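Inside the fold
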Amino acid sequence: MKGRIRRSLVRIYAMAAKEGRHIVRDPRTLYMSLGMPVLLLFLFGYGVAFDIDRIPLAVVDQDRTESSRALVHALTASRELVSVGELPDPAAVLGAFRQERAVAALVVDEGYERALLAREVVPVQLLVDGADALVANQLLAKADALVRAESQRLASAEVGETTPPVRVKVWTRYNPDGRSAFYMVPGLAAYLLAITAVLLTALTIAGEWERGSMEQLFASPIGRLEIVLGKLLPYLGLGLLEFLLVVAFGMIAFDLPMRGSGFALALLGLVFLLGMLGQGLLVSVIAKNQTVATQAGTMSSLLPSLLLSGMIFPIENMPVVLQHFSRVIPARYLVHGLRGVLLKGNGLDVLWPDLLALAVFALVVIGLATARFQRRLA
Amino acid sequence: MELHPERGEAVREADAAPALSARGLSRRFGAVTALDGLTFEVARGELYGLVGPDGAGKTTAIRALAGLIRLDGGEARVLGLAADDHAVRERVGLMPQQFSLYRDLSVGENLRFFSRVFVLPREVYRRRAERLLEITRLGPFLDRRADALSGGMYKKLALACALLHEPEVLLLDEPTNGVDPVSRRELWALLHEFVHGGMTVLVSTPYMDEAERCGRVGLMNRGRLLLEGAPPALIAGFRDEAYEVRGGERDRVEAELARTASVRAASPAGERLRIVVARGAAPELARSLAPLGATLAPVTPDFEDLFLSRIREEDA
Ligand SMILES: Nc1ncnc2c1ncn2[C@@H]1O[C@H](COP(=O)(O)OP(=O)(O)OP(=O)(O)O)[C@@H](O)[C@H]1O
Ligand SMILES: [Mg+2]
């Protein structure tokens, strides 16, 4: 038994060392995994505007009067903001942001109605989760318009009042500058990692078929899982390098903060990569030639990672069908996890559902790839 | 002191089994029947040649014996075990027909890779690689990439890779295709050496003349064995006669030959035509060729004559 495991490890090592040589000798692989992502990140690192609605809003109503309820109603009536419930006090808002029950919170201080009746200018606070810069920016514009309208209504109800009585004071948490690069870079990093990882491995098994070396391999005692694992290892190393490079580049070029731990970041990248590399293997096990594998690999990673990961379009705004579909797209969990680690400093306690989802995906695709990998030439 | 008598029997049975056994192998690829009930056996320590024209099914047969393809019917066994049994792989060496090593790896790196796949200890690898590089004379090219080797050198490297684990059975698919005559002779000399050492070798070739170098040959056509036996016995049993056609206008002579039923095969031999004629039919053919200015000269039949006439007979 021990001898069998040792022999198995030797064969996996043989495969990994050989694959490592292919990588080092093929400039295209190195460019695709290290050069291209940085280049693309640089080119695409600037935000684009997107429309959003149904933003979850938490309410901290410490006034609890007719007037304060009217204000909340005015904000949520248009459905652009949706109330997700009341919080007891402003201190609970950060918790809600962290757990992502809300991306915005309206805080109405005690004495709101009294001040209104006394015809004073009343400040209310709108707290916005700035980690999502696109959402944050639009939210600010919308909230401003809504409060202004409510304010006008109040003013015109009173006789001859000209100063709008309610003024919004905005606090943006996590991303005080509202920089969209903060929002885009983790998404882009996830996206680039997704497509390159799938392509890297999609080419390798298909390559063995095309070059004819599969015949020699199958005639030898090397097992299918040994081939799969041996091929995964060097690309995992390369992928991790790519991941770190992209994140480091994001920090240097876009002042991306790194508020969480490096361990959480590396773990997230590792589990994600395993899944994407496994997906590439699955594609190439089925495709058997490099052209088809490239196309299938691109299609299966590029579009879903771009459109369904929440990188550009917030998942909460998608049609329900697509929201469900996005659950099987690993990039979704990486985008989400990365934003958490980089921008909010989330640790494993918050990250674990993302990690778990990624781990399940990795296990399933690697298992499928091995099962579908037939030890037959024809 | 046999603790597992039934298992002991199975082992003895496996030991007594032929090195290779193909029983009624069949395999279709769409409309093409690559193997059509192919049956033959190779005894231990035998050098068996599978000879046949392009598309005869030689590669498919060898792949079946290496456990690499699905069969529609029949059974392929190696050393008494099913061909796709994991235990067989440590004891069989395969040299595929097509390029199957890693082009971007050097000679040494390819060897090292296969030695690791077979989990050879380092010292064992070093000793065997040294010997294999010596007999294949690839030593000076240790650092050359596989895709930069000549056809003959590549074949020798593939052979070396297939021999590293010292297999009991060696399967070689057209090892001499694209190899110069000198290397070809060397390769055959090596095969004879291996067989003397007790190895079983199955080798396929499209070159009829190479059949003579085998202990036993099987002539394959359209996925079946047409003829099988030791080369001298096969020649001795040849029923037809071989002639060379001299003189006459080539086109008209060929047309006349094609018209004559007793002519089993005709193939160009330099300036002349070499033909196989049914026994006793030569005088009549000579009479019909005379007006064209062509004459017949008897030659000693060889394997090519034998095989060509049998294949034509079969195809007709
Ligand atoms: N994987 C495959 N898919 C489809 N057809 C195949 C496949 N392998 C073999 N064939 C067909 O089966 C027939 C036998 O092929 P095979 O390669 O076994 O012949 P061969 O004797 O090795 O010929 P050659 O001397 O050209 O190598 C051919 O018609 C070939 O086209
Ligand atoms: Mg062939």
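Definitions and cut-offs
- Residues numbered from 1 in each chain as written.
- Chains lettered and ligands numbered in written order.
- Predicted model: local features only at pLDDT ≥ 70, side-chain atom pairs only at ≥ 80, totals over all residues.
- Heavy atoms only, no water.
- Phe/Tyr/Trp six-rings, centres within 6.5 Å; stacked < 30°, edge-to-face > 60°.
- Buried < 20%, exposed > 50% of the residue type's maximum accessible area, 1.4 Å probe, protein only.
- Lys NZ or Arg CZ within 6 Å of the ring centre and 35° of its normal.
- 1 Å grid on protein atoms, 1.4 Å probe; cavity = no way out; pocket = protein on both sides within 12 Å on 5 of 7 lines; lining within 4 Å.
- Points joined across faces, edges and corners; volume = space filled by probe spheres on them.
- Helix = DSSP H or I, 4+ residues; strand = E, 2+ residues; numbered from the N terminus.
- Nonpolar A, V, L, I, M, F, W, Y, C, P; charged D, E, K, R; others polar.
- Pairing = 2+ DSSP bridges.
- Axes fitted to C-alpha atoms, helices over the stretch in contact; angles between N-to-C directions.
- Contact = heavy atoms within 4.5 Å.
- Donors = N, O, S within 2.8 Å, 3.2 Å for Na, K, Ca; no water.
- Salt bridge = Lys/Arg side-chain N within 4 Å of Asp/Glu carboxyl O.
- Domains from an automatic or database assignment.
- Buried area = accessible area lost by both parts, 1.4 Å probe.
- Polar contact = N/O pair within 3.5 Å; in protein donor to acceptor, adjacent residues only side chain to side chain.

On to the packing of aromatic side chains. As enumerated under the stated definition, the model contains 7 aromatic pairs over all chains in all. Note on A:W209 and A:F218: the rings are 5.7 Å apart at their centroids and 80° apart in plane angle, and the pair reads as edge-to-face. The pair A:W209 / A:F218 is uniform in exposure class, with both members buried. Cluster of aromatic residues (ring-pair linked, three or more members): A:W209, A:F218 and A:F373. When the ring centre of B:F99 is taken as reference, the NZ or CZ atom of B:R103 above it lies at 4.2 Å. For B:R184, the ring lying beneath its charged end belongs to B:Y207, and the centroid distance is 4.2 Å.

A few words now on empty space enclosed by the protein. Summed over all chains, the structure comprises 4 cavities of 30 Å³ or more. Approximately 60 Å³ is the volume found for the largest cavity. In terms of lining, the largest cavity is formed by A:Q216, A:A219, A:S220, B:V92, B:G93, B:L94, B:F114, B:F118, B:C161, B:A162 and B:H165. Only α8 (213-219) of chain A together with β6 (92-95) and α6 (151-163) of chain B provide two or more residues apiece to the lining of the largest cavity. No other element matches β6(B), which puts 3 residues into the lining of the largest cavity. Here the lining of the largest cavity is built from residues that sort into 7 nonpolar, 4 polar and no charged.

Sheets are built from strands that pair by backbone hydrogen bonding, the pairs being arranged parallel or antiparallel. Residues and elements named next belong to chain B. Across the sheet, 6 strands lie side by side as β6-β7-β8-β3-β9-β10; this open sheet has mixed pairing. Two strands close off the open sheet at either side, each with one partner strand: β6 and β10 (224-229). On average, each strand axis in the sheet is inclined to that of its neighbour by 15°, with strand direction left out of account. Bridge count between strand β9 (residues 216-221) and β10: 5 bridges; the pairing is antiparallel. Across the sheet, residue N221 finds its bridge partner in β10, namely R224. Where α6 meets the sheet, its contacts fall on β6 and β7 (169-173), and the angle it forms with β6 comes to roughly 165°.

With that out of the way, let us pick up the coordination of the magnesium ion (ligand 2). Surrounding the magnesium ion (ligand 2) are the protein donor atoms B:T59 (OG1) and B:Q97 (OE1), at 1.8 to 2.0 Å. Taken as a pair, B:T59 in helix α2 (residues 58-65) and B:Q97 in the loop between β6 and α4 (107-117) lie far apart in primary sequence, 38 residues in all.

We now examine the pattern of salt bridges. According to the stated counting rule, one finds 37 salt bridges over all chains in the structure shown. Taking the shortest distance from any N to any O, the salt bridge between B:E109 and A:R21 comes out at 3.1 Å. Of this pair, B:E109 sits in helix α4 while A:R21 is found in helix α1 (residues 2-25), placing the two residues in two different chains. Taking the shortest distance from any N to any O, the salt bridge between B:R259 and B:E256 comes out at 2.7 Å. Placement of both B:R259 and B:E256 in helix α9 (residues 250-259) is noted, with a separation of 3 residues, approximately one turn of the helix. Among the residues examined, B:E256 registers a relative accessible area of 15% and is labelled buried.

For the rest of this paragraph, the subject is the domain arrangement of chain A. Residue and element names in this part refer to chain A. Its domain assignment divides chain A into domain 1 (2-48 + 187-372) and domain 2 (55-159). At the junction of the two partners, domain 1 supplies 9 residues and domain 2 supplies 8 residues. Together domain 1 and domain 2 conceal approximately 760 Å² of surface at their shared face, both sides included; 44% is due to carbon and sulfur atoms. Taken together, domain 1 and domain 2 are joined by 2 salt bridges. Put simply, K344 and E100 hold a salt bridge, and the shortest N to O gap is 3.1 Å. Joining domain 1 to domain 2, the criterion identifies 3 residue pairs in polar contact (both at pLDDT 80 or more). With 4 residues, helix α13 (residues 330-344) is the single largest residue contributor to the side of domain 1 that touches domain 2. Within the side of domain 1 that touches domain 2, the residues separate by chemical class into 5 nonpolar, 2 polar and 2 charged.

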